[in-house]
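Overview (structure and organization)
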Amino acid sequence: MIFTHPVSLFYYAPAWVGKTALKAKFKHSWVQIPEDANYLFIHIPKTGGSSLGMRLYGDYINHVSAKVHYLLDASRFEKMYSFSVLRHPAERFISAINHCIGNSRRAGAEDLAFGKQLLEEGSDALSIAEVLCVSSNNLIRICGSSLVFVPQSHWVCDRDNVMVNKLFALKEGRSYLSKNASNGIVENVSRDESTWKSLSSSTLGVIREVYRRDWVLYDEALAKNSITDVTQIINVDELLIA
């Protein structure tokens with residue numbers, strides 16, 4: 001059983017998706033990337049990408065996979081330095097629940113509507129996670145329709161092949177960018193989101209099973225390109241940012 005979200009289907013069964021359909025659904029994918037940019041940031045939901053997109057491009061970057069970018073303009077994709085940020089799968093899972101139940105300023109109407117369903121399962125992210133993860137099938141059945149729960153591997157891989165040039169792994173207790181409501185200044189803020197460590201072993205086992213590819217990618221990236229602050233990426237030489 002796999003995630004059934006329409007975006008996931010572009011990953012799992014891309015052969016039947018025509019370029020016309022892709023352009024209609026992802027018409028703003030390349031439009032968001034400046035023509036003179038040498039780099040392509042693949043924004044995975046719930047990995048600190050909103051703040052990084054603002055720093056890189058001056059605007060919010062939608063969630064569009066590397067595969068879709070490639071299918072829409074293979075020539076441009078291959079000329080650019082592509083990269084993305086990964087997050088610990090269990091930590092990201094808890095963050096996705098918090099996002100939907102109203103603990104995120106970026107949650108849309110669809111996410112919040114789904115969050116109301118989740119709140120029928122528990123009072124907070126941890127208790128909800130325990131109920132969702134009674135089995136892998138149950139987790140996918142309930143969360144498969146939500147974009148923020150789509151595996152991270154979907155966004156950066158073509159099946160098992162990584163399509164981007166580099167993957168960064170965001171360590172726990174991450175830093176992110178936040179705009180101060182009183183003065184409008186964007187500043188670094190630290191947040192400890194390691195509550196996933198309180199999950200039962202059986203729940204963690206289900207998360208590991210459902211997101212097993214994510215776990216492998218994260219561990220590999222953590223060993224090579226670990227970061228504690230998404231803004232560290234700004235200084236990567238390959239990005240050629242003035």
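Residues numbered from 1 in each chain as written. Predicted model: local features only at pLDDT ≥ 70, side-chain atom pairs only at ≥ 80, totals over all residues. Heavy atoms only, no water.

**Section: the overall build of the protein chain**
Helix and strand content of the protein chain: twelve helices and seven strands. Across the 242 residues that make up the protein chain, the buried fraction comes to 52%. In the protein chain, of all internal contacts separated by at least 6 residues, the share reaching a separation of at least 24 is 74%. Element-wise, carbon and sulfur atoms account for 49% of the exposed surface of the protein chain, whose accessible area totals about 11600 Å². (Helix = DSSP H or I, 4+ residues; strand = E, 2+ residues; numbered from the N terminus. Buried < 20%, exposed > 50% of the residue type's maximum accessible area, 1.4 Å probe, protein only. Contact = heavy atoms within 4.5 Å. Areas by Shrake-Rupley, 256 points an atom, 1.4 Å probe, with all protein chains shown as cover.)

**Observations regarding the pattern of salt bridges**
One pass over the full model with this rule turns up two salt bridges. Measuring nitrogen to oxygen at the nearest pair gives 2.9 Å for the salt bridge that ties Asp-158 to Lys-67. Placement of Asp-158 in strand β3 (residues 157-158) and of Lys-67 in helix α4 (residues 66-72) is noted, with a sequence separation of 91 residues between them. Residue class for Asp-158 comes out partly exposed when judged on its relative accessible area of 24%. By relative accessible area, which is 11% here, Lys-67 ends up buried. A salt bridge links Glu-91 to Arg-87, with the shortest nitrogen-to-oxygen separation between them at 3.2 Å. The residues Glu-91 and Arg-87 share a single accessibility class, namely buried. (Salt bridge = Lys/Arg side-chain N within 4 Å of Asp/Glu carboxyl O.)

**Describing helix α9 (residues 136-143)**
Where burial is concerned, most of α9 is hidden: six out of the eight residues are buried. Looking only at α9, the buried set comprises Ser-136, Asn-138, Leu-139, Ile-140, Ile-142 and Cys-143. Those residues of α9 hidden inside the fold are in contact with α6 (89-100), α7 (109-118), α8 (125-132) and α11 (201-210).

**Re the side chain of Thr-47**
Among the structural elements, Thr-47 can be located in the loop between β1 (39-42) and α3 (49-57). Since its relative accessible area comes to 1%, Thr-47 is described here as buried. Side-chain polar atoms of Thr-47 contact the backbone oxygen of Ile-44, separated by 2.7 Å. Apart from the residues within four sequence positions on either side, Thr-47 is in contact with Val-85, Leu-86, Arg-87, Arg-92, Gln-152, Leu-170 and Val-230. (Polar contact = N/O pair within 3.5 Å; in protein donor to acceptor, adjacent residues only side chain to side chain.)

**A closer look at the confidence of the model for the protein chain**
For the protein chain, the average pLDDT comes to 82, and 81% of its residues sit at 70 or higher. Mean pLDDT across the secondary structure elements of the protein chain bottoms out at strand β6 (residues 186-190), with 40, and peaks at α8, with 96. Segment residues 175-192 is flagged for pLDDT under 50; beyond a separation of four residues in sequence, or across chains, it makes 33 contacts in the model. (pLDDT = per-residue confidence, 0-100.)

**A short note on the packing of aromatic side chains**
Here the structure, examined in full by the defined rule, presents eight aromatic pairs. Note on Phe-114 and Phe-149: the rings are 6.1 Å apart at their centroids and 80° apart in plane angle, and the pair reads as edge-to-face. Separated by 35 residues along the polypeptide, Phe-114 in helix α7 and Phe-149 in the loop between α9 and α10 (152-156) bring together distant segments of the chain. Residue Phe-114 is classed as buried on the basis of its relative accessible area of 7%. (Phe/Tyr/Trp six-rings, centres within 6.5 Å; stacked < 30°, edge-to-face > 60°.)

**Description of the state of the cysteines**
Each disulfide consists of one covalent bond between the sulfur atoms belonging to two cysteines. In this structure the tally under the stated criterion is zero disulfides. Cys-143 provides the cysteine sulfur closest to Cys-100, a residue in no disulfide bond, and the two sulfurs are 7.8 Å apart. Given a relative accessible area of 1%, Cys-100 falls into the buried group. (Disulfide = S-S within 2.5 Å.)

**Examining the nonpolar core**
Ranked by internal contacts, the top residues of the largest apolar core, which has 42 residues, are Ile-33, Leu-52, Leu-56, Tyr-57, Phe-83, Val-156 and Ile-233. For this core, the secondary structure elements donating two or more residues are β1, α3, α4, β2 (81-87), α10, β5 (166-179) and α12 (212-224). Ile-33 has contacts with Tyr-39, Leu-40, Tyr-57, Ile-61, Arg-76 and Met-80, leaving out every residue within four places of it along the chain. If you look at the next biggest cluster of nonpolar residues, it comprises 27 residues, including Phe-114, Leu-132, Cys-133 and Ile-142. (Core = buried A, V, L, I, M, F, W, Y, C linked by side-chain atoms within 4.5 Å.)

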